[in-house]
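Listed here are the chains, written in short residue letters.
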Amino acid sequence: MIFFAIGLATLQIASFSRLRAVFPAGMTIADVPVSGLTRQTSAQRLLEIYNLPVELRYKEDIIHLDPSVVGFELDLESMLAAADLERTRVTFWLAFWDYLWGRTATGAEIPLRASYSEERLRIYLEEDLAPRYDEPPSAPVPVAGSVDFQPGELGTELDVERSIFPIENALFSTQQRVVTLPLGRSLPPRPSLENLGILMKQTIGLAEFEGLIGVYMLDLQTTNEIHFAYQQGIEYSVEPVDIAFTTASIIKIPILISTYRHIDEVGAMHFLEVVF
């Protein structure tokens, strides 16, 4: 009986030793179940899961982001050390006694410990992804033979700042590894002054105006200017001040200035009383 008891105890100790060499039931490391796995097998499983590409969706296009591109790294040694510490928290003989009585230890949850480079992610979005998938807006262009413009089209551009946070969350997740990238709409630029000049000349030609027309315009935002003298399809290369025009309609400008000055001096209500 003594030899039988010793043999049975030896078998139980050997069985418990094999069980104690692996992580207990219910244990997770970085949300990855590792119960029944050795330290090496657990490390391999963690690497397999967290090295899976993150799926980025840009409209209808799908881009797979390799975590290594943005410097993603797992702190395996730290997490496995914490798991080992939790596994061996109870002394061998006390744990063996619980094993004999069928009392299993409750597995712990070891949090994820990892890092990545936000700078490298930003560079990837700005210099790689955005140039390949952004759609620039198209400017309005004049319609030949008419006085109309063909409308421009809105562009699409990646919102880099709003993309950082969801991609970071996907890198640190085992389940939500798909990110729909936030996009912005870019407005078409204003028609160029060159196109505006073409449209003006087309309008003059369609109106069949026979006189001499001089045009000068200054863009106060860009300081770009346009000026030309045009008559019956002929454009004269002159400066804006080289052609003298009658001042018949120009007199309206000082009259308008004087009217507004008078309103400012006597008050709008008093001016209306005088008028009416």
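Coordinates for the structure precede this section.
Residues numbered from 1 in each chain as written. Predicted model: local features only at pLDDT ≥ 70, side-chain atom pairs only at ≥ 80, totals over all residues. Heavy atoms only, no water.

Q: Just to check I follow, could you spell out the sheet that holds strand S3 (residues 54-58) for this structure?
A: Working definition: the strands of a sheet are paired by backbone hydrogen bonds and lie parallel or antiparallel to each other. Spatial ordering of the open sheet is given by S4-S3-S11, a layout of three strands whose pairing is mixed. Taken across any chain shown, the strands that pair with only one partner, and hence form the sheet edges, are strand S4 (61-65) and strand S11 (178-180). Taking the axes of each pair of neighbouring strands and ignoring which way they run, one obtains an average angle of 25 degrees across the sheet. Examined bridge by bridge, S3 and S4 share five bridges and lie antiparallel to one another. (Pairing = 2+ DSSP bridges. Helix = DSSP H or I, 4+ residues; strand = E, 2+ residues; numbered from the N terminus. Axes fitted to C-alpha atoms, helices over the stretch in contact; angles between N-to-C directions.)

Q: What am I meant to see in helix H7 (residues 193-207) here?
A: Because an α-helix completes one turn every 3.6 residues, residues spaced three or four positions apart along the sequence face the same direction. An ideal rise of 1.5 Å per residue puts 21 Å on 15 residues; H7 measures up with 21 Å between its terminal C-alpha atoms. Among all positions of H7, only Leu193, Asn195, Gly197, Leu199 and Ile204 are buried. Each element contacted by the buried residues of H7 is listed here: strand S8 (141-142), strand S9 (149-150), strand S13 (213-218) and strand S14 (225-231). Phi turns positive, to about 55 degrees, at Glu208, one or two residues after H7. (Expected span 1.5 Å × (residues − 1). Buried < 20%, exposed > 50% of the residue type's maximum accessible area, 1.4 Å probe, protein only. Contact = heavy atoms within 4.5 Å.)

Q: Any chance you could explain helix H2 (residues 39-50) here in plain terms?
A: The end-to-end C-alpha distance of H2, which contains twelve residues, comes to 17 Å, matching closely the 16 Å that a straight helix rising 1.5 Å per residue would cover. All buried positions along H2 are accounted for by Ser42, Ala43, Leu46 and Tyr50. The buried side chains of H2 occupy one side of the element, clustering within an arc of 100 degrees when seen end-on. For H2, the exposed residues set more than 90 degrees away from the buried face come down to Gln40 and Glu48. (Arc of directions from axis to C-beta.)

Q: What is the right way to read unusual backbone geometry from this model?
A: With the exception of glycine, the majority of residues adopt a negative phi angle, and the majority of peptide bonds are in the trans configuration. With a phi angle near 55 degrees, Lys59 is a residue other than glycine that sits in the positive phi range. Position of Lys59 relative to the elements: it lies in the loop between S3 and S4. In this structure Lys59 comes out as partly exposed when scored by relative accessible area, which is 46%. The phi dihedral of Thr223 falls on the positive side, at around 65 degrees, and the residue is not glycine. Looking at the element boundaries, Thr223 is found in the loop between S13 and S14.

Q: Is there a simple way to explain the pattern of salt bridges in this structure?
A: A pair can form between side chains of opposite charge whenever their charged atoms are brought close. Under the definition given, this model contains eight salt bridges. In this structure, the salt-bridge partner of Glu55 is Arg57, at a minimum N-O distance of 2.7 Å. Since its relative accessible area comes to 17%, Glu55 is described here as buried. The shortest N-O distance in the salt bridge between Lys59 and Glu135 comes to 3.6 Å. (Salt bridge = Lys/Arg side-chain N within 4 Å of Asp/Glu carboxyl O.)

Q: Is there a simple way to think about the packing of aromatic side chains in this case?
A: For the structure shown, the criterion picks out five aromatic pairs. Measuring from centroid to centroid gives 5.6 Å for Phe72 and Phe172, while their planes differ by 85 degrees, and the two rings are edge-to-face. Remark: Phe172 occurs in the loop between helix H6 (160-171) and S11 and Phe72 occurs in the loop between S4 and strand S5 (73-74); sequence separation between them is 100 residues. For Phe72, a relative accessible area of 7% corresponds to the buried category. When the centroid spacing of 6.4 Å and the interplanar angle of 85 degrees are considered together, the rings of Phe228 and Tyr230 count as edge-to-face. (Phe/Tyr/Trp six-rings, centres within 6.5 Å; stacked < 30°, edge-to-face > 60°.)

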